[in-house]
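Below, each chain spelled out in residue letters.
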Amino acid sequence: MGIEFRNVSKHFGGASVVDDLSLEIRDGEFVVLLGPSGCGKTTTLRMLAGLETVSTGDIFIDSERVNDVPTQHRDLAMVFQSYALYPHMTIAENIGYPLRVRKFDKSQRVERINRVAAMLEIESLLERKPRQLSGGERQRVALARAIVREPRAYLMDEPLSNLDARLRVQMRGELKRLQHQLGTTTIYVTHDQAEAMTLASRVAVMRKGRLQQFDTPMNIYNHPANRFVAEFVGSPSMNFIEGERVTIGIRPEHIQVFSEPRDGAIAASVYVTELMGNETFVFLSVGANRLIARAAADFRAEVESKVWLQLAKDKMHYFDPKSGKALSADYTDQFKKSVESVDALLRHSDRLR
Amino acid sequence: MRSKFRYVLLIPALFFTLAPVYWMLTISLKSEVDQFATPPPWFGFTPVFNHYYDAFVTRGFGQYLLTSAIVSVTSTICALVIGTLAAYALTRFELPWRLNRHLSLWILSTRMFPAIVTAVPLFLMMRDLRLLNTRASLIIVYTAFNLPFVVWMMRGFFADLPRDLEEAALVDGDSRLGALVRVVLPLVTPGLAATAVFCLIISWNEFLFALVLTQTDAAMTLPVGIAGRVTQYEIKWGVMSAAASVALVPILVFALALQKYLVRGLSLGAVKG
């Protein structure tokens, strides 16, 4: 079921929350709307669900314009951040609610409820009330309620944000598998870039109501359209080295750290190291620049000790210092040839990013 | 020690609320000689039941009781249905020109003037509608007077209910009204119960409009009927007390039945699941 946003904007009073958003989502895709809080991603999802009106522009589901179709007739299913389970109903009644309002007969309802309960391993909870369940269990029930009928698409609004870290990673995997099994178009809102990278077939990065980039996770990561996307995606964040004509971006894994001097390497001092167990983050000072490098787990260096860096020149990103836009290949090729200038920039730049 | 102190604090309140009830009950059971004896016999008198017989068998208090019941129950139901819908609209839909706020205040303002102000206009209206001396007139008036109260009480309960639940119901395919009936109302049952009890008490005890709008036995409510025993020649204390004691029972039973909701309903905001 294809979904299309065409020049959609949303204003609350004078404030523009979503600004001229155009987005085409293909049938069966898992699209993640990613951005910091207040970027308009939840509003976008709510407009699709019909819970907010569209100020200007059009939304299409299956090439049908749905701007004026009430929520209950859009045939979508939504998982809320708060789960929004009906507190006065049992789990079975909660899951069966969409079927009940669609007048499915009892035997059919029971059969379907049992099927999804088995799929999500919540059979033993069916007679309980939501308040008797843990966060993870509630999450599963909310999912079960969404998938119990076959809607045209699933909408998920930060469904994992109320879970603890371990459970979040586990549910993330299950979600992905579930979507793979069901093959239903899914639109998923999150501010967590790791969720976006792991779940999405394509990621739409938003900022201040505007779409920044809409591409596959790998392209978002490897070819960010602008400095905001580059900085928001990836952990730890991309390093930026500010210059007059260009801002250079380089990811922590593309900086190699050596304890001994070597040809072409830049001298730096260690600010601090963070041992992560499987790797080490090295925080470095080069002139007035702060860089983060990703080093092997066994890398050890004292604070303030001297190290040498090698930056992977072919992995660098170049941004316009004013607009933040990624610079064209021509420009970067030209820039890459004058290798010294990168090093010079790094050594002598007195601007902190 | 502390628990004893707690009861000491309750004594004045209990005295003020229960003493009139005790007085009324004893008068209804005393012979006329005992009623006027000084000092009054507090406990040691021979109970008689002839006032009850007099009220409900000889005179038509049964009829008044029935009228009171029909009028207060019907007007309470009407006020709850209309008021709940209005309160839901005021909390959930954004009306233009800040009408949500203005309308709420306007609705409340109808309770700010003394009821007597409307007595004459209402009498004239009911006369022209040929509704004088009918139960319908009282049902209409009581519904109108209870509405602002219902709207304001229910507005508070709806405002406290997370919107996600209704939105989930809508996405699940239910209509607005379906979501209201299947999801919202079950969650504000304590509020509905508390509001219903208040409406019922107000209608049950209402005197002014019942007096103005009804004069016949067939349409008279219990408070008016009781007051009617104050005549030019005598005051029937025994009959009045007997009728009033019986009048107490339905409200008491209703309030006790809803007690578990009342406690939650009266502490606004306690409905969150």
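Residues numbered from 1 in each chain as written. Chains lettered and ligands numbered in written order. Predicted model: local features only at pLDDT ≥ 70, side-chain atom pairs only at ≥ 80, totals over all residues. Heavy atoms only, no water.

Okay, the pairing of strand E17 (residues 306-311) of chain A next. Residues and elements named next belong to chain A. In this structure, strand E13 (residues 255-258) lies alongside E17, joined through four bridges in antiparallel fashion. Following the sheet pairing, Ile255 is matched in E17 by Leu311. Sheet analysis places strand E14 (residues 266-275) next to E17, joined by four bridges and oriented antiparallel. Following the sheet pairing, Ser269 is matched in E17 by Lys306. (Pairing = 2+ DSSP bridges. Helix = DSSP H or I, 4+ residues; strand = E, 2+ residues; numbered from the N terminus.)

So, about the environment of Tyr64 of chain B. For Tyr64 of chain B, the position within the fold is in helix H4 (residues 61-92). Considered as a pair, Tyr64 of chain B and Asp217 of chain B are 153 residues apart in the sequence and their alpha carbons are 7.3 Å apart.

All names here are of chain A. Bridge analysis of strand E1 (residues 3-12) against strand E2 (residues 15-25) gives seven bridges, and the strand direction is antiparallel. Bridging across to E2, Phe12 finds its partner in Ala15. Once E1 ends, the chain turns through two residues before running back antiparallel as E2, passing Gly13 with a positive phi of about 60 degrees.

All names here are of chain B. In the contact formed by H4 and helix H9 (residues 176-187), the axes pass within 13 Å of each other and the chain directions differ by 100 degrees. Relative to H9, the element H4 lies roughly perpendicular. Between H4, through Thr84, Leu85, Tyr88 and Arg92, and H9, the contact on the second element is made entirely by Arg176, Leu177, Leu180, Val184 and Leu185. Residue composition of the contact of H4 with H9, grouped by class: six nonpolar, one polar and two charged. (Axes fitted to C-alpha atoms, helices over the stretch in contact; angles between N-to-C directions. Parallel < 35°, antiparallel > 145°, perpendicular 65-115°, else oblique. Contact = heavy atoms within 4.5 Å. Nonpolar A, V, L, I, M, F, W, Y, C, P; charged D, E, K, R; others polar.)

For the structure on display, the rule yields 11 aromatic pairs over all chains. With a centroid separation of 4.6 Å and 55 degrees between ring planes, the pair formed by Tyr86 of chain A and Tyr97 of chain A is classed as tilted. One end of the pair, Tyr86 of chain A, is in the loop between strand E6 (76-79) and helix H2 (91-101); the other, Tyr97 of chain A, is in helix H2, and 11 residues separate them in sequence. Assigned by exposure class, Tyr86 of chain A and Tyr97 of chain A land together as buried. Ring pairs connect the aromatic residues Phe56, Phe61 and Tyr64 of chain B, which therefore count as one cluster. The side chain of Arg145 of chain A reaches across the aromatic face of Tyr86 of chain A, ending 4.6 Å from its centre. (Phe/Tyr/Trp six-rings, centres within 6.5 Å; stacked < 30°, edge-to-face > 60°. Buried < 20%, exposed > 50% of the residue type's maximum accessible area, 1.4 Å probe, protein only. Lys NZ or Arg CZ within 6 Å of the ring centre and 35° of its normal.)

A word on H2 of chain A. Of all 11 residues in H2 of chain A, nine are buried, a share of seventy percent or more. Ile91, Ala92, Asn94, Ile95, Gly96, Tyr97, Pro98, Leu99 and Val101 of chain A are the residues of H2 of chain A that are buried. For H2 of chain A, the elements touching its buried residues are helix H3 (106-119) and helix H4 (135-147) of chain A together with helix H8 (163-171) and H9 of chain B. Lys103 of chain A, located one to two residues past H2 of chain A, shows a positive phi value of around 60 degrees.

A separate point is the state of the cysteines. Evaluation of the coordinates by the stated rule reveals zero disulfides over all chains. Of all cysteine sulfurs, the one in Cys78 of chain B lies closest to Cys199 of chain B, which takes part in no disulfide; the gap is 11 Å. (Disulfide = S-S within 2.5 Å.)

On to the interface of chain B and chain A, then. On the chain A side, the residues contacting the 19 residues of chain B number 22 residues. Approximately 1700 Å² of surface area, both sides summed, lies buried where chain B meets chain A, with 62% of it carried by carbon and sulfur atoms. The interface formed by chain B and chain A contains two salt bridges. Among the salt bridges present, the one from Arg46 of chain A reaches Glu167 of chain B, with a minimum N-O distance of 2.8 Å. One can count 10 residue pairs in polar contact (both at pLDDT 80 or more) joining chain B with chain A. Counting only elements with at least two residues in the side of chain B that touches chain A, the list comes to H8 and H9 of chain B. Classifying every residue of the side of chain B that touches chain A gives nine nonpolar, four polar and six charged. (Buried area = accessible area lost by both parts, 1.4 Å probe. Salt bridge = Lys/Arg side-chain N within 4 Å of Asp/Glu carboxyl O. Polar contact = N/O pair within 3.5 Å; in protein donor to acceptor, adjacent residues only side chain to side chain.)

Quick look at the confidence of the model for chain B now. Residues and elements named next belong to chain B. Averaged over all residues, the pLDDT of chain B equals 89, while 96% of them reach at least 70. At the low end of the mean pLDDT range in chain B sits helix H14 (residues 259-266), at 73; at the high end sits H4, at 95. Contacts for the low-pLDDT stretch residues 268-273, under 50 throughout, to residues beyond four places or in other chains number 10 contacts. Interface confidence for the predicted complex, expressed as ipTM, amounts to 0.85; the pTM equals 0.83. (pLDDT = per-residue confidence, 0-100.)

What follows covers the sheet that holds strand E4 (residues 56-61) of chain A. Residues and elements named next belong to chain A. Pairing is antiparallel across the open sheet formed by four strands, whose spatial order is E2-E1-E4-E5. Each edge of the sheet is formed by a strand with only one pairing partner; in this case those strands are E2 and strand E5 (64-65). Against the sheet, helix H1 (residues 41-49) touches E1, E2 and E4, its axis set at about 115 degrees to E1.

Here we come to the nonpolar core. Counting 68 residues, the largest nonpolar core has Phe5 and Leu48 of chain A as the members making the most contacts within it. Per element, the largest residue contribution to this core is six residues, and it comes from helix H7 (residues 135-160) of chain B. Counting 47 residues, the second-largest nonpolar core is a separate cluster that includes Leu85, Ala117, Tyr154 and Val203 of chain A. (Core = buried A, V, L, I, M, F, W, Y, C linked by side-chain atoms within 4.5 Å.)

To continue, consider the pattern of salt bridges. Pairing is possible between side chains of opposite charge, provided their charged atoms come close. Evaluation of the coordinates by the stated rule reveals 25 salt bridges over all chains. In this structure, Glu29 of chain A and Arg202 of chain A form a salt bridge, with 2.5 Å as the shortest nitrogen-oxygen distance. Taken together, the residues Glu29 of chain A in the loop between E2 and strand E3 (30-34) and Arg202 of chain A in strand E9 (residues 202-207) connect sequence positions 173 residues apart. Owing to a relative accessible area of 13%, Arg202 of chain A belongs among the buried residues under this scheme. Note that Arg145 of chain A is salt-bridged to Asp172 of chain B, the shortest N-O span being 3.5 Å. Of this pair, Arg145 of chain A sits in helix H4 while Asp172 of chain B sits in the loop between H8 and H9, each in a different chain. With respect to burial, Arg145 of chain A and Asp172 of chain B carry one shared label: buried. When salt bridges with common partners are traced through the structure, they connect Arg26, Glu29 and Arg202 of chain A into a single cluster.

A few words on the sheet that holds E3 of chain A. Residues and elements named next belong to chain A. A sheet is described by the order of its strands in space; here six strands give the open sequence E6-E7-E8-E3-E9-E10, paired in mixed fashion. If you trace the sheet from one side to the other, it starts and ends with E6 and strand E10 (210-215), each paired once. Across the sheet, the mean angle from the axis of one strand to that of its neighbour is 15 degrees, orientation sign disregarded. By the bridge criterion, five bridges tie strand E7 (residues 153-157) to strand E8 (residues 185-190) in an arrangement that is parallel. What sits directly across from Tyr154, in E8, is Thr186. Those strands touched by H4 are E6 and E7, and its axis lies near 175 degrees from that of E6.

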